[in-house]
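Okay, here's what each chain looks like letter by letter:
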Amino acid sequence: MKIGIVLYPTYGGSGVVATELGKYLAKKGHEVHFITYSQPVRLAGFTGNVFYHEVRVSDYPLFDYEPYETVLASKMVDVVKYEGLNILHVHYAIPHASAAYMAKQILKSQGISIPVVTTLHGTDITLVGKDSSFEPVITFCINESDAVTAVSESLKKDTYKHFNTTREIEVIPNFVQIHDPCPNASELRDRYTQNNEPIICHISNFRKVKRVGDVIDVFDLVNKEIPSRLILVGDGPERNKLEEKCRTLDLCHRITFVGKIRDTSDVLDISDLFLLPSATESFGLAALEAMAAGVPVISTNTGGLPEVNIEGKTGFLSNVGDVKGMAKNAIRIFNDPELNEALKKGAREQALKFNIEPVVARYEALYESLTVEA
Ligand code: GMT
């Protein structure tokens, strides 16, 4: 099958899921065409059946705001027509679903039928999409897509709650690939910690919704009881404030900001605990990736997180903002080797339930059902 995947190329979870899905579909023999404005971070190398189509918006002086959605729709028309795509799969509703609707109508006027699958990822529904400045367009696109998927039961419920739609939404969860542990993990670990002090890790795009300040507050409490290290992976609008917070708390010597990295598997391999204290989280792919590396997770109990992180089996969950509760759980894990081992095992077992193959097979089945109908 020839599949067009429209995505954000950046470090956000939706882009990672879309890229890994496309790469895996290509490995299974499909021809995959990524459509976006710059090379997706997880897309590298040169393989026979992966293509990347860059959307380039001209900077004509009249435009205070670049008309990205228009250029994206035109690019979709072009790629569907000239590459002979069978299906378009758009990840993150804004503005991909509305651009896809436009492309579909243009192609229809030319006698070409293309089914559109929209995958809802999170903030396109829970934070941004439900705002009245987007809501009518998102509702329309949800209703007009040939199929809509959501990455968790919680996100499906939120979609029905915030949008005027009764259409079917299929939950196809995010997935993970279990990899072999990093061969030089112990040397790498020695570079970040001394005397085998525990390493706590957090990975995100440092937006307000991630509450990275809570990560530092939890770490501060844990570190007072059990000297530890914190590795912060990622970058984003909150970073300066967070660096300042570390200085104020005099924790700079214990906290490492590594910035954005494409492949987080090595840092997870040397971590003992993953923290995800988000205000809202439709799924929590970063937590699942941590579990795949056998790292217990302490998270909030918001959105889809309880579908991923299971209380007492893979880690612990607390209310949003309950820094003391999260720190207490972290200390409990570090002080109890038996519990720690059980959680590591539980985390790996839970990650296996989200193994990539069966999840990708569900997307393939969905594509098949739509292209047969078309
Ligand atoms: O909001 C982000 O952190 C990025 C966003 C995205 O779409 O790029 O992430 C959302 O999608 C991920 C992949 O499906 C989910 O794992 C995240 O939980 C979700 N983020 C939120 O709901 C805040």
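Residues numbered from 1 in each chain as written. Predicted model: local features only at pLDDT ≥ 70, side-chain atom pairs only at ≥ 80, totals over all residues. Heavy atoms only, no water.

All right, on to the domain arrangement of the protein then. One can read the domain layout of the protein as domain 1 (2–175 + 355–373) and domain 2 (185–352). A C-alpha centroid distance of 30 Å is found between domain 1 and domain 2. For the pair domain 1 and domain 2, the two sides together bury roughly 1,400 Å², of which 54% comes from carbon and sulfur. Viewed at the interface, domain 2 and domain 1 are joined by one salt bridge. A salt bridge links glutamate 289 to arginine 42, with the shortest nitrogen-to-oxygen separation between them at 3.4 Å. Inspection of the domain 1/domain 2 interface yields ten residue pairs in polar contact (both at pLDDT 80 or more). Residues of the side of domain 1 that touches domain 2, tallied by class, amount to ten nonpolar, ten polar and two charged. (Domains from an automatic or database assignment. Buried area = accessible area lost by both parts, 1.4 Å probe. Salt bridge = Lys/Arg side-chain N within 4 Å of Asp/Glu carboxyl O. Polar contact = N/O pair within 3.5 Å; in protein donor to acceptor, adjacent residues only side chain to side chain. Nonpolar A, V, L, I, M, F, W, Y, C, P; charged D, E, K, R; others polar.)

On to the packing of helix 13 (residues 323–335) against helix 14 (residues 337–352). Taken N-terminus to C-terminus, the directions of helix 13 and helix 14 make an angle of 105°; their axes are 5 Å apart at the nearest point. Taken together, helix 13 and helix 14 sit at an angle that is classed as roughly perpendicular. Every residue of helix 14 that contacts helix 13 at Arg332, Ile333 and Asn335 is listed here: Pro337, Leu339, Asn340 and Leu343. Each residue belonging to the contact of helix 13 with helix 14 can be placed in one class, and the counts come to four nonpolar, two polar and one charged. (Axes fitted to C-alpha atoms, helices over the stretch in contact; angles between N-to-C directions. Helix = DSSP H or I, 4+ residues; strand = E, 2+ residues; numbered from the N terminus. Parallel < 35°, antiparallel > 145°, perpendicular 65-115°, else oblique. Contact = heavy atoms within 4.5 Å.)

Our focus in this paragraph is the sheet that holds strand 7 (residues 170–171). Spatially, the seven strands line up as an open sheet ordered 3-2-1-4-5-6-7, and their pairing is parallel. Looking at which strands have only one partner, the edges of the open sheet turn out to be strand 3 (50–54) and strand 7. The pairing of strand 6 (residues 147–150) with strand 7 spans two bridges and is classified as parallel. Paired with alanine 150 across the strands is valine 171, a residue of strand 7. In this fold helix 1 (residues 13–27) packs onto strand 1 (2–6), strand 2 (31–36), strand 3 and strand 4 (87–91), with an angle of close to 155° to the strand it touches most, strand 2. Each of strand 1, strand 2, strand 3 and strand 4 touches helix 2 (residues 68–83); the most contacted strand, strand 2, lies at about 160° to it. (Pairing = 2+ DSSP bridges.)

Before going further, it helps to examine the pattern of salt bridges. Counted according to the given criterion, the structure contains 23 salt bridges. Between aspartate 217 and lysine 245 there is a salt bridge; the shortest N-O distance is 3.0 Å. Taken together, the residues aspartate 217 in helix 8 (residues 212–225) and lysine 245 in helix 9 (residues 239–248) connect sequence positions 28 residues apart. Through salt bridges with shared partners, a single ionic network connects Glu20, Lys23, Arg42 and Glu289.

Attention now goes to the site of the ligand. Around the ligand, a shell composed of 18 residues is seen, among which His121, Asn174, Arg207, Glu281 and Ser282 lie nearest. Within the backbone of phenylalanine 283, an N or O atom sits 3.1 Å from an oxygen atom of the ligand. Here the ligand loses 96% of its free accessible area of 480 Å² to cover by the protein chains. Its residues placed into classes, the shell around the ligand shows four nonpolar, eleven polar and three charged. Built from parts of two domains, the shell around the ligand gets at least three residues from each of domain 1 (2–175 + 355–373) and domain 2 (185–352). (Near = heavy atom within 4 Å. Areas by Shrake-Rupley, 256 points an atom, 1.4 Å probe, with all protein chains shown as cover.)

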